[in-house]
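Remarks on the overall topology
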Amino acid sequence: MFPKDNLVAETIDIAGTPFPPGGTPVHIALAADQKYVRHTGTAAYSVLAHNADMPIHFHLMVDSIGQDDIARFQKLQNCAGIGTPFRITLHFLNKSLFDGLPTYKWFSPATYYRLAIPTVLEGIADRVLYLDADVLCTGSLKELFGMDMEGKTAACAADKILFADYIPTLYRFGFSPLSVYFNAGVMLIDIGMWHAARTNEKMKAVQEKVGTEKLWLLDQDMLNLALDGSIRYLPEQYNWLRWQQKYTDFAENHAQIRLVHFVGGIKPWHWLGFNPTYDACRRASPWADIPYEVQQNPPRNPFVYKQYPKMFRIAARQSWARGEKRRAAAYFAEFLRQIILTPIRK
C-alpha cells in the first residue's frame, strides 16, 4: 500500500542490552505520533516486566520523537525487575505518505502507521506482534509467539464490544456476513504470509472501493476488509477489551489475561481513567512523573456532562478505599470544581 523505497526516512537504535549468543529475539511493533509516544513506552515496559524469559526487539513506527522520551526509553534497562535482553529501534516514517488519508479529530494519520509494519520489517522479522499504545501486558507472551497460526496472515481477537449494528455497514464493501470482526489493537502478523497473500494490494483495493467515504474505524475497518478469511482468532485473554465494564473479571482472572486493551475515549492516563493495574505499571516505568492528562474533546451530550462530576466522585471514593489519599483528594477537588462549572457549559 505504501512504496517501500521512500516509506522510511531514517532508522535508529536508541536503547537496549546485548542479546545472548544465539538468542533469537521476538519482534514487537508499536506506532504513534508525538502525542502518544510516551504511552508506547509504558506498553513496552509492561512487556519487559512480564517476559524475562525471551529477548525482545521493539520497533517504534514514528514521525518524530522528543529527546526527553528517547532518554526515558534508554532508562528502561535500569528499571527494577527488568532482566530481559531487549533493543528499541525507531523507524521514522515518511509522514507525507499518510497525510492525505481520512481521519477524524480523535484519530491522527498515525493510526495508519501500523499498516506499514509488514513492509518496514520485511527481511528483518518473520513474525511481529503489533500492540496499540493503550495496550498493557499483564502476563507471559511466550505461548502467543509460539502458537500455530494455521497458515493465516494474522492472529487477532474478535471485537466483542463493538456495536453489532455497525458491522453490516461494511457488507457493501465486501465484508462477509459470516466473518467475525476483529480488533486490530493486538495483531500477530506473519510477514511472509502478508506479502504472499498480496495484502498490500488488497489494502489498496479496499481504499479505492471505499473512495471518499469515511469508515468509522478507519484502518481497522480496512484491515478487516482486506484480511477477511485470513485471520486466526485469538482467545480474549490476548486482547481484553472490557476493562471498564468488567474490571472485577479482570481482577479475579488476572493470571489468565495477558494483554489489556484500554479502548474508548477515556484512557488510563486520563484523570477519569483510573485503573490500579495501569497505575502500578506506570509508576514503575520511566514515565512515572508525567502528569495525568485531561481528556481532550469530551462529549457534548448534556447527559454525559451531567455524569461527568459523578465520575470524579466515584474515582475519589475508589482511590480513598485503596489508600491513595492524595489522589483521592485531587479527584474530590475536581468533583467540586465540575459541580460549579457544569451549569454554565454550552
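Let me begin by describing the structure that accompanies this report.

Calculation notes
- Residues numbered from 1 in each chain as written.
- Predicted model: local features only at pLDDT ≥ 70, side-chain atom pairs only at ≥ 80, totals over all residues.
- Heavy atoms only, no water.
- Buried < 20%, exposed > 50% of the residue type's maximum accessible area, 1.4 Å probe, protein only.
- Helix = DSSP H or I, 4+ residues; strand = E, 2+ residues; numbered from the N terminus.
- Pairing = 2+ DSSP bridges.
- Polar contact = N/O pair within 3.5 Å; in protein donor to acceptor, adjacent residues only side chain to side chain.
- Contact = heavy atoms within 4.5 Å.
- Salt bridge = Lys/Arg side-chain N within 4 Å of Asp/Glu carboxyl O.
- Axes fitted to C-alpha atoms, helices over the stretch in contact; angles between N-to-C directions.
- Left-handed = near helix turned anticlockwise from the far one by under 90°.
- Nonpolar A, V, L, I, M, F, W, Y, C, P; charged D, E, K, R; others polar.

A word on the pairing of strand S7 (residues 154-158)
Among the 5 residues that make up S7, 4 are buried, leaving the element largely enclosed by the rest of the structure. Of the pairings in the sheet, the one linking S7 to strand S8 (residues 182-190) comprises 4 bridges and is antiparallel in character. Paired with Ala 154 across the bridge in S8 is Ile 189. In terms of strand pairing, S7 meets strand S9 (residues 231-234) through 4 bridges, oriented parallel. Its bridge partner lying in S9, Ala 155 is registered against Arg 232.

With respect to the side chain of Gln 220
Here Gln 220 shows up in helix H7 (residues 218-226). The exposure class of Gln 220 is buried, given its relative accessible area of 8%. From its side chain, Gln 220 meets the backbone nitrogen of Ala 184 in a polar contact 2.9 Å long. Dropping the residues within four chain positions of it, Gln 220 is found in contact with Arg 114, Asp 159, Tyr 181, Phe 182, Asn 183, Ala 184 and Gly 185.

Some remarks on the pattern of salt bridges
One pass over the structure, following the stated rule, counts 12 salt bridges. The shortest N-O distance in the salt bridge between Arg 114 and Asp 219 comes to 2.4 Å. With Arg 114 in the loop between strand S4 (86-93) and helix H3 (117-120) and Asp 219 in helix H7, this pair connects stretches of sequence that are 105 residues apart. According to the relative accessible area criterion, Arg 114 is buried, its value standing at 7%. Exposure remark for Asp 219: the relative accessible area of 1% places this residue in the buried category. Between Arg 232 and Glu 150 there is a salt bridge, with the nearest N and O atoms lying 3.8 Å from each other. Remark: Glu 150 occurs in the loop between helix H4 (142-145) and S7 and Arg 232 occurs in strand S9; sequence separation between them is 82 residues. Judged by relative accessible area, which is 21%, Arg 232 ranks as partly exposed. Put simply, Asp 68, Arg 72 and Asp 289 are held in one network by salt bridges that share partners.

A word on the packing of helix H6 (residues 199-210) against H7
Helix packing geometry: the angle between the two helix axes and the distance between the axes. Axis separation between H6 and H7 bottoms out at 9 Å; the angle between their running directions is 120 degrees. The hand of the H6/H7 crossing is right-handed. Between H6, through Lys 202, Met 203, Val 206 and Gln 207, and H7, the contact on the second element is made entirely by Met 222, Leu 223, Leu 225 and Ala 226. Residue composition of the contact of H6 with H7, by class: 6 nonpolar, 1 polar and 1 charged.

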